[in-house]
Amino acid sequence: MAGAAGPGTGPGAAGGDGDDSLYPIAVLIDELRNEDVQLRLNSIKKLSTIALALGVERTRTELLPFLTDTIYDEDEVLLALAEQLGNFTGLVGGPDFAHCLLPPLESLATVEETVVRDKAVESLRQISQEHTPVALEAHFVPLVKRLASGDWFTSRTSACGLFSVCYPRASNAVKAEIRQHFRSLCSDDTPMVRRAAASKLGEFAKVLELDSVKSEIVPLFTNLASDEQDSVRLLAVEACVSIAQLLSQEDLEALVMPTLRQAAEDKSWRVRYMVADKFSELQKAVGPKITLHDLIPAFQNLLKDCEAEVRAAAAHKVKELCENLPTEGRETIIMNQILPYIKELVSDTNQHVKSALASVIMGLSTILGKENTIEHLLPLFLAQLKDECPEVRLNIISNLDCVNEVIGIRQLSQSLLPAIVELAEDAKWRVRLAIIEYMPLLAGQLVSMCHMLQCIGTVCENLAGEMTSDLFLGSGCVECFTCSACQNLAGIRHCALSPLLPVYAIREAATNNLMKLVQKFGTEWAQNTIVPKVLVMANDPNYLHRMTTLFCINALSEACGQEITTKQMLPIVLKMAGDQVANVRFNVAKSLQKIGPILDTDALQEEVKPVLQKLGQDEDMDVKYFAQEAISAVAQRLRKLDFPVKDSEEPSDPEADKNHFLRPRGPGEDTGKAHRERAARVAPEEAVGAARFRGTDAAKGPAYQLHVNTETHLPNWKLQN
Amino acid sequence: MLLAYHEQKHQDTHVRPERFLSKFCVSQTVPSQQSASAPGSLAALCRDAVPSPVASGARAGPAQGPLAAQSHHAVRGRSDIISTVEFNYSGDLLATGDKGGRVVIFQREQENKSRPHSRGEYNVYSTFQSHEPEFDYLKSLEIEEKINKIRWLPQQNAAHFLLSTNDKTIKLWKISERDKRAEGYNLKDEDGRLRDPFRITALRVPILKPMDLMVEASPRRIFANAHTYHINSISVNSDHETYLSADDLRINLWHLEITDRSFNIVDIKPVNMEELTEVITAAEFHPHQCNVFVYSSSKGTIRLCDMRSSALCDRHAKFFEEPEDPSSRSFFSEIISSISDVKFSHSGRYMMTRDYLSVKVWDLNMESRPVETHQVHEYLRSKLCSLYENDCIFDKFECCWSGSDSAIMTGSYNNFFRMFDRNTRRDVTLEASRENSKPRASLKPRKVCTGGKRKKDEISVDSLDFNKKILHTAWHPAENIIAVAATNNLYIFQDKVN
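Just so it is clear, the structure is predicted and the values come from calculations on it, not from any experiment.

## So, the packing of aromatic side chains
No. 1: In the structure shown here, the tally under the stated rule is 27 aromatic pairs over all chains.
No. 2: Seen from their ring centres, Phe-163 of chain A and Phe-182 of chain A are 5.3 Å apart, and the 90 degrees between their planes marks the pair as edge-to-face. In this pair, Phe-163 of chain A is assigned in helix 11 (residues 163-166) and Phe-182 of chain A in helix 12 (residues 172-186), connecting sequence segments 19 residues apart.
No. 3: For Phe-182 of chain A, a relative accessible area of 0% translates into the label buried.
No. 4: Seen in terms of ring centroids, Phe-279 of chain A and Phe-299 of chain A are 4.8 Å apart; in terms of plane orientation they differ by 55 degrees. Their pairing is tilted. Accessibility assignment for this pair places Phe-279 of chain A and Phe-299 of chain A in one class, buried.
No. 5: Each member of the aromatic cluster is reached from another via a ring pair, and the members are Phe-163, Tyr-167, Phe-182 and Phe-204 of chain A.
No. 6: Positioned over the ring face of Tyr-185 of chain B is Arg-33 of chain A, at 3.8 Å from the centre of the ring.
No. 7: Over the ring of Tyr-350 of chain B we find Arg-422 of chain B; its NZ or CZ atom is 4.6 Å from the centre of that ring.

## Remarks on the interface of chain A and chain B
No. 1: Chain A puts 53 residues into the contact, and the matching count from chain B is 46 residues.
No. 2: Both sides of the chain A and chain B interface together cover about 4,500 Å² of buried area, and 52% of this is carbon and sulfur.
No. 3: On the chain A side of the contact with chain B, Arg-33, Tyr-72 and Glu-112 of chain A bury the most area, a combined 16% of that side's loss.
No. 4: Counting the contacts that link chain A with chain B gives seven salt bridges.
No. 5: A salt bridge links Arg-220 of chain B to Glu-113 of chain A, with the nearest nitrogen and oxygen atoms 3.0 Å apart.
No. 6: Elements with a minimum of two residues in the side of chain A that touches chain B: helix 3 (23-31), helix 5 (47-68), helix 10 (153-160), helix 13 (191-207), helix 15 (230-246) and helix 17 (269-277) of chain A.
No. 7: Considering each element in turn, the side of chain A that touches chain B owes the most residues, seven residues, to helix 5 of chain A.
No. 8: Taken together, the residues of the side of chain A that touches chain B sort by class into 22 nonpolar, 10 polar and 21 charged.

## Structural notes on the packing of helix 14 (residues 210-225) of chain A against helix 16 (residues 249-264) of chain A
Residues and elements named next belong to chain A.
No. 1: Where helix 14 contacts helix 16, the axes come no closer than 9 Å and their chain directions differ by 20 degrees. Relative to helix 16, the element helix 14 is oriented roughly parallel. The interaxial crossing formed by helix 14 with helix 16 has left-handed handedness. Residues Lys-214, Val-218, Phe-221, Thr-222 and Ala-225 of helix 14 form the contact with helix 16, whose participating residues are Asp-251, Leu-255, Val-256 and Thr-259.

Quick notes on the rules
- Residues numbered from 1 in each chain as written.
- Chains lettered and ligands numbered in written order.
- Predicted model: local features only at pLDDT ≥ 70, side-chain atom pairs only at ≥ 80, totals over all residues.
- Heavy atoms only, no water.
- Phe/Tyr/Trp six-rings, centres within 6.5 Å; stacked < 30°, edge-to-face > 60°.
- Helix = DSSP H or I, 4+ residues; strand = E, 2+ residues; numbered from the N terminus.
- Buried < 20%, exposed > 50% of the residue type's maximum accessible area, 1.4 Å probe, protein only.
- Lys NZ or Arg CZ within 6 Å of the ring centre and 35° of its normal.
- Contact = heavy atoms within 4.5 Å.
- Buried area = accessible area lost by both parts, 1.4 Å probe.
- Salt bridge = Lys/Arg side-chain N within 4 Å of Asp/Glu carboxyl O.
- Nonpolar A, V, L, I, M, F, W, Y, C, P; charged D, E, K, R; others polar.
- Axes fitted to C-alpha atoms, helices over the stretch in contact; angles between N-to-C directions.
- Parallel < 35°, antiparallel > 145°, perpendicular 65-115°, else oblique.
- Left-handed = near helix turned anticlockwise from the far one by under 90°.

And the structure:
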């Protein structure tokens, strides 16, 4: 439908011959007013093409006046327009005429949609740089004044962002005026405007002379910081960072610190939260001396704030704060003034506070060194590993490696591993996943650490949920390991293959680990211990486990090499091509594509191709699709090897652009909507798992996730064979 | 001073223009519906409707059978019953919402030399369908389209913005004017014929020409999926960037620009629903202090919360409750003490609460008892039993302050509404009805007979019509102009000038 309006108005032939320079432009101009937003958006995005065709004169006298009054449109269109106009100077005749762009941007700077307004301001700032100093005072400064004294607060908020660009280049008289305007905006009736002024205060202070900063900005800052609306006060905290950087230590102490101290004890938790959130920046801005006698006590208060949000924000900053302390005397300060508060936070009543702390606390070990870590931090870690809140446990586990570096694996294994082993049977799959991801790190120390191995084995055992004697069959494999090591490795392997891991993400992680382990221990070990186990699973009644075989083969084939792949794995894969479940069949196609490069050409030609061709005729469209993909990949390889190929069926490219030249609208084109702030919702765990899967594979093929998603939703669903 | 109202106009607001619209533009989207009906024609239609014999009052009676049967809305009751009335900050616009999910906005006519009395007349400015009936398939629940509340946003540019909500979804609407139209196509002639593309020799840039004023209403944001229970209140914060929405058990805080996230600030849902003893009935932000809001409960108490002290406001800062008089305790005590509306005064010093029989004014500095209590219809105390039986006892009357906070107004039954002058302590009962008042004539005070002998002009309690209830009223923020919604009629009265 969208296309009908465009080509429908003129035969497509016109684009080819005839007046081929004007027709497309004529279409573009007409589509500036098309009913379809998408077409209007396209036209606006090609505004430079239109302007180029019209020439600078007509752009100035006709196009820009039209655009100035076109502010009724959808946000996306206005946003694109505001963006385009920022780069339009050349198209209106160069810097001498840059002021022609001000009227349309001025009207865009008054619309209600914040993204559009911000973009218009951004473009105005860009254009201001192209004005000569004379033009700046003749055109740009009056515009800023108009906006600053506008009736509606939207224009006044926009004005706030423009002062800092015109101030440095203005004459002294004008500078005084600009300061005056900024002052009045800082005490505007509307909180919106005061907020905009507060957020631009720091930026404006940077371009002002130091004297003016002290005499004008500081009083403004003090006023904003004691505004009746806490939404204004909290923005003053941000301004504090920039102002503090400009002032000397003495001035800082006299002019800014009283306000900052007040903010840290503000009645409103949102302001205190802001102080906690900006703490590292503040710390850097005020310097080490003030930090020590002012900020540290303030931080202690924030760590025991009555509002959990504030405590959580402060807890997040613990590591950064400690890192930024002067190295000299750092340890003492942390041990005496910070650590006692941290100890209390470990048993906080609020889980967000605890998990915020858990995400950074491990970082302290590098700062405090081995002795202190073992004596003071390890007990905290242990407590957190046993915390009732999974988020806390998870955060600790995922950061174990930095402790590892400090205290060494032996110490870690003695103190933390038992707790980790317990966690392997945690009820939350994310925690179990984190453990699996942590395993290669532990495995890296395997050779010398038999004790460790035992622990890991137990981890795996717990993970697997069961460990039967047949799993020890792999013993006697590789000489360089002791018997027990092998037993435990068998445990690892078992865990990797465990049919009892219901969540896809875990199985995937386990499979990846498998590859890493094979790389570590060599092919012979793999052939004797892992491969048989993998292959046995190909006959499992649960199709999810049959698929796991394929995933394992994908991961193992490269590491194992041609011989093992061709002799042991390929037959199994080929056999599975006759599986009942479509998911298995298209994964066979994918596996064949994957292991294709490893196989020799005989096997490819004789064994792989017939099977793929059969899959290519499958009744399921997804199987067909992936079989086609695989066939073309295999064919390519055969061609490279100068093998005669008869049927190289290249699937036609679905993305082929058959569109009219004016409308190359890709599906991923930015509609401007993405610019609106969107916060991620907390998706349920299953959905995250599913999204993860989609994220990796869905982009490649058709909508086959319909099949696959079921596995995350129905983990225990068995198919009848 | 308040007693000299004259009925300025009957406006059969919802029935006729809306029927007109729905007949011709049933399946169209909102903006196109707007363009199909320029406000001029709507206003004209509305004006025509006034003297028409098909008066809305005649329809208000129970003889609705054949008419109701035609419409699917009839299943749920009449769709044209006004469910909320709200002036904007300047008072120049008045918005009404109805059971059918429609919003009608009236604009005050500017002073006109040729028609000196036209100043103050409100005419239809824009009409749009705000909410549609929906069905929640997961919970097997029907979601009514009825507009529960409308709140205007402070004006930020030439356009006007309002929030409207039904039981579950809040929408932000933009109402803007357009008076220019682009003319001149490259590929088409003026009369719309296609041009020969081979003969395009020059490019034309469209030129904007003035046209008849067109008012558009466009949905800007939809705030959905945040309420499990029915939304009863929305209130815009004085910081101009947040607002709250309250349902029976929770209050959420939203940012006006963010639709996919809201913060829960109050949650009174007990772990075990059997322990539920009260629900939230209304909530409102303080007019000046951005951190203060109040919410009222079905137990007749009001809690004031300070958002500065903590992110979750489950603990209140102040608790307003009047000790119960044990002598008047009865089976109905709890029901009639339930607060149906709470409103801050414009000054921010007082708040007013409405319960079934009275309206109370509280000083924010005194939690122990109200500073004023006004009886709205004390004569109903003896009839509570029958009011319980016909469910009227659960009616949710709203209340409002005059612009100067010197008077308050609230509704009653039989199309009566009550006004109380706080300074002189005088009160008056007025009637909003087509039959009893002529345009530009002063409203006569009405009296309900409570004692044995009925005087002339008095109405006996037994003859009150409980189907004619005035639940929603609004007072112009600066002038003595009031809007009164009586079922499907909107009455606008104003102070008599001379």
